[in-house]
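Now for the letters of each chain:
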Amino acid sequence: MSRIPQQQIPGIYHRRVGDILVTALSDGHLDGGLDVLRQISEAEARQILTERFRPARRTPVNAFLVYSSGRLALIETGSGNYLAPTAGKLMANLKAAGVDPADIEAVLLTHMHPDHSAGLTDMTTARRNYANAELVMHENEPRHWFDDAKMAAATERAKKLYFQAGREQVLPYKDRWRLFNRGEVFPGVTAIPRPGHTPGHTTFLISSGKEQLLIWGDTVHVPEVQTARPEVCMEFDTDAAAAAASRRQVFDMVATDRLAISGMHLHFPGFAHLARRGAAYELIPEAWEQAL
Ligand SMILES: [Zn+2]
């Protein structure tokens, strides 16, 4: 008799962008309520999800390897063991992808939030999970999250989960930070800041030859709701109005330019296009590609 599988398959998917190979890796997902949404009632958000066959809010968490010019970078590190048992799977998926974390030369962060930066350091040993990597992020991120006055003014939850977690995770990399403002930060990877969700929230445009892919970071957290209603923000946006403005700019750009995208909170593997639908948008997932 056949044994029934006890585990999901590894979350790994490769996609070419010209000469660059991008590998989407799943960290898992975070399920939660709709009370964290802003600019929309819970009833309206629930209706949008129900119409799209989603019983509840599910926020996937993704990271991406970038193989470019013989070098290897990792965009984001997942959530470590800070958030939920359904997440924190990045290390296992890296291993399943055959990648030794010691071979990663650069870790690029879209921002310092626990579902992105909390996999940087193993807190049981205080050792870097990516022993040889430099840490590459927008200059406004450490500036904001290491600001004691801002931390003092934050809610208890934000103090612990954002300021404290962020600090303890990035500090072991302090002698190997590379802070940017914008521009090319890794071969073929250009940082385009889209502040609001956090002060240094950044998208990464991957370009090779005629091909491009925008990894849009946290442009959305609940893709079904925020493509239908781009004004919808999250409780944990540092500046909600700026986050909504950034989202509209990114949406407009990728829809107009027919630019391929992926993101940290799109359903795995997250490669998609965004189509304009009147005042709203629709995500169209890319077809599976067998050839590399
Ligand atoms: Zn996030």
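It should be noted that the structure appears before, not after, this text.
Please read all numbers here as calculations on a predicted model, not as lab measurements.

Peer 1: What's the story with the coordination of the zinc ion in this structure? I'm lost.
Peer 2: Each pair of donors in an ideal octahedron of six around a metal sits at 90 or 180 degrees, and each pair in an ideal tetrahedron of four sits at 109.5 degrees. Binding of the zinc ion to the protein goes through Asp115 (OD), His116 (NE2), Asp218 (OD) and His265 (NE2), at separations of 2.1 to 2.2 Å. The sequence pattern formed by the donor residues of the zinc ion is D-H-x101-D-x46-H. Of the two residues, His116 is situated in helix H3 (residues 114–117) and Asp218 in the loop between strand S14 (211–215) and helix H7 (223–228); the sequence distance between them amounts to 102 residues. For the pair formed by His116 and Asp218, the shared burial category is buried.

Peer 1: How do you make sense of empty space enclosed by the protein when you look at a structure like this?
Peer 2: Over the atoms rolls a probe the size of a water molecule, and in doing so it shows where empty space is left. For the structure on display, the rule yields one cavity of 30 Å³ or more. A volume near 60 Å³ is recorded for the largest cavity.

Peer 1: Explain helix H8 (residues 240–256) here, please?
Peer 2: An α-helical turn contains 3.6 residues, so any two residues separated by three or four positions project in the same direction. Counted at 1.5 Å a residue, the expected span for H8 with its 17 residues is 24 Å, and the 24 Å between its end C-alpha atoms agrees. Within the span of H8, buried status applies to Ala243, Ala244, Ser246, Arg247, Val250, Phe251, Val254 and Ala255. Seen along its axis, H8 keeps its buried residues to an arc of 160°; they face one direction. For H8, the elements touching its buried residues are S14, H7, strand S15 (233–234), strand S16 (260–262), strand S17 (272–277) and strand S18 (280–285). Capping of H8 at its N-terminal end is provided by Asp239; its side-chain oxygen lies 3.3 Å from the backbone amide nitrogen of Ala241. Within two residues after H8, Arg258 carries a phi angle of roughly 55°, on the positive side.

Peer 1: Explain unusual backbone geometry here, please?
Peer 2: Cis geometry marks the peptide bond from Phe268 to Pro269, where omega comes out at 0°. One non-glycine residue with positive phi stands out, namely Phe53, at about 65°. Positionally, Phe53 belongs in the loop between helix H1 (42–51) and strand S4 (57–68). Phe53 sits in the exposed class, given a relative accessible area of 75%. Unusually for a residue other than glycine, Ser69 sits at a positive phi of about 55°. By secondary structure assignment, the location of Ser69 is in the loop between S4 and strand S5 (71–75).

Rules used in this analysis
- Residues numbered from 1 in each chain as written.
- Predicted model: local features only at pLDDT ≥ 70, side-chain atom pairs only at ≥ 80, totals over all residues.
- Heavy atoms only, no water.
- Donors = N, O, S within 2.8 Å, 3.2 Å for Na, K, Ca; no water.
- Helix = DSSP H or I, 4+ residues; strand = E, 2+ residues; numbered from the N terminus.
- Buried < 20%, exposed > 50% of the residue type's maximum accessible area, 1.4 Å probe, protein only.
- 1 Å grid on protein atoms, 1.4 Å probe; cavity = no way out; pocket = protein on both sides within 12 Å on 5 of 7 lines; lining within 4 Å.
- Points joined across faces, edges and corners; volume = space filled by probe spheres on them.
- Expected span 1.5 Å × (residues − 1).
- Arc of directions from axis to C-beta.
- Contact = heavy atoms within 4.5 Å.
- Polar contact = N/O pair within 3.5 Å; in protein donor to acceptor, adjacent residues only side chain to side chain.

The quantities given are spatial measurements derived from coordinates; they are silent on function.
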